[in-house]
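# Report on the structure
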Amino acid sequence: MMQTHLLLPESDVNAVQIAAGLIKQGEVVGMPTETVYGLAANALDGRAVAKIFHAKGRPQDNPLIVHIADATQLNTLCPAVPPQAARLAEAFWPGPLTLIVPKAACIPEEVCCGLDTVGVRLPAHPLARALIRAAGVPLAAPSANLSGRPSTTTAAHVLRDMDGRIAAVLDGGPCGVGVESTVVTLAQDRPRLLRPGGVTLEQLQGVLGTVELDRALYEKIGDEARVSAPGMKYRHYAPKAPVTVVRGQPQAAAAYIKAHAAPGDGVLCFDEYRDCFSACVVACFGAQADLAAQARAVFDCLRAFDDTAVRQIWAQCPPNDGLGLAVANRIQKAAGFRTVDV
Ligand code: TXA
Ligand code: MG
């Protein structure tokens, strides 16, 4: 088993250089971004990229996002950038938006898993950009969790899943957004949202006019399915105990959970309902109206249930507006779309 080094840029001025050196040697490093932590390796080195899949236990047909430090790098990864991709990059980069575009020949098979497209993102986190620049290459990076587990929003989460599996983690503190980037494809006839995230659907519509919604946003996709976002078909974000989402007015959802939860069950709820479930293990993920707080906390809350003995988890969930679409999507995916509407 390899030793995983925790690199602390706050106390070690060389932390980014050390991490970049490991990447140049073909190793995998935990990288902070504004969304979630990533498992980064040289995107142009197929053998380094293969180590990411191994560390995560990731299915081989689920492609990776390539991270760049400068918008002009998009041209080296994509031979003909679609005009709508250029407009989105202009509007939202650096930031939590991944653009799926036709891929250039320099990108190894391991990154795109046989697709003729690549996902590209320019992160806003200064340490992510410093690491990409210091490594001198674009970095392939999926979220830094074991496959199927909730994503990681602190270096401690990354170590929890990846200790002994990767060379190092660069500690950038807790992630500011907390849910992964919005994924939109510009490689089809019309722009299509594949995964809601930190850039909202409303913001995309503001630039593009209409945006199609992939059916993976709303339903569970079977293993046999060929989908435009392969990652959407796998069980995701899941704590060990099964999750049931209760959607509807928060008052009514709380009443439903109170009526159905057994003593010792877990409850994920808005801050306002903290005291409603006395015999349960309660995790609050933010005030009802504070979608940004909910996005920052949702994965930490889902992970925290694994340190408890809960056998079942009930979850409140925000409506699909703004950042709520991304938060609700992560909770519904954690539940395998097991939903009660009240
Ligand atoms: O915020 C984020 O996007 C984080 C940070 C680390 O940047 N990364 C992340 O990566 O969430 P990952 O691998 O956990 O999720 C990437 C998603 C998957 O659902 C994958 O299937 C999809 O993007 N994806 C990647 N390349 C694709 C492609 N060429 N076509 C369609 N979907 C793609
Ligand atoms: Mg992921």
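Reading the values: the criteria
- Residues numbered from 1 in each chain as written.
- Chains lettered and ligands numbered in written order.
- Predicted model: local features only at pLDDT ≥ 70, side-chain atom pairs only at ≥ 80, totals over all residues.
- Heavy atoms only, no water.
- Domains from an automatic or database assignment.
- Contact = heavy atoms within 4.5 Å.
- Buried area = accessible area lost by both parts, 1.4 Å probe.
- Salt bridge = Lys/Arg side-chain N within 4 Å of Asp/Glu carboxyl O.
- Polar contact = N/O pair within 3.5 Å; in protein donor to acceptor, adjacent residues only side chain to side chain.
- Helix = DSSP H or I, 4+ residues; strand = E, 2+ residues; numbered from the N terminus.
- Nonpolar A, V, L, I, M, F, W, Y, C, P; charged D, E, K, R; others polar.
- Axes fitted to C-alpha atoms, helices over the stretch in contact; angles between N-to-C directions.
- Parallel < 35°, antiparallel > 145°, perpendicular 65-115°, else oblique.
- Left-handed = near helix turned anticlockwise from the far one by under 90°.
- Buried < 20%, exposed > 50% of the residue type's maximum accessible area, 1.4 Å probe, protein only.
- Pairing = 2+ DSSP bridges.

Interfaces are often described in size by the accessible area the parts lose on coming together. Along its sequence, the protein chain is carved into domain 1 (5-217) and domain 2 (243-341). For domain 1 versus domain 2, the separation of C-alpha centres amounts to 28 Å. The partner domain 2 presents 18 residues to the 27 residues of domain 1 that form the contact. Carbon and sulfur atoms supply 52% of the area buried between domain 1 and domain 2, which totals about 1,700 Å² over both sides. On the domain 1 side of the contact with domain 2, Pro150, Val179 and Pro196 bury the most area, a combined 28% of that side's loss. In this assembly, domain 1 and domain 2 are joined by 4 salt bridges. Seen at the junction of domain 1 and domain 2, the total is 10 residue pairs in polar contact (both at pLDDT 80 or more). Sorting the residues of the side of domain 1 that touches domain 2 by element identifies helix H7 (155-162), strand E10 (192-195) and helix H8 (201-208) as the ones contributing at least two each. If you tally residues by element for the side of domain 1 that touches domain 2, the top one is H7, at 3 residues. Here the side of domain 1 that touches domain 2 is composed, by residue class, of 10 nonpolar, 11 polar and 6 charged.

Before going further, it helps to examine the packing of helix H4 (residues 83-92) against H8. Running from N to C, H4 and H8 point in directions that differ by 125°, and their axes come no closer than 10 Å. As far as their axial angle goes, H8 and H4 are oblique. Viewed along their axes, H4 and H8 form a crossing whose handedness is right-handed. Residues Gln84, Arg87, Leu88, Ala91 and Phe92 of H4 form the contact with H8, whose participating residues are Gln203, Leu204, Val207 and Leu208.

Among the 6 residues in strand E5 (residues 97-102), 5 count as buried, and that is most of the element. In terms of strand pairing, E5 meets strand E9 (residues 182-185) through 4 bridges, oriented parallel. Counted as the bridge partner of threonine 98 is valine 183 from E9.

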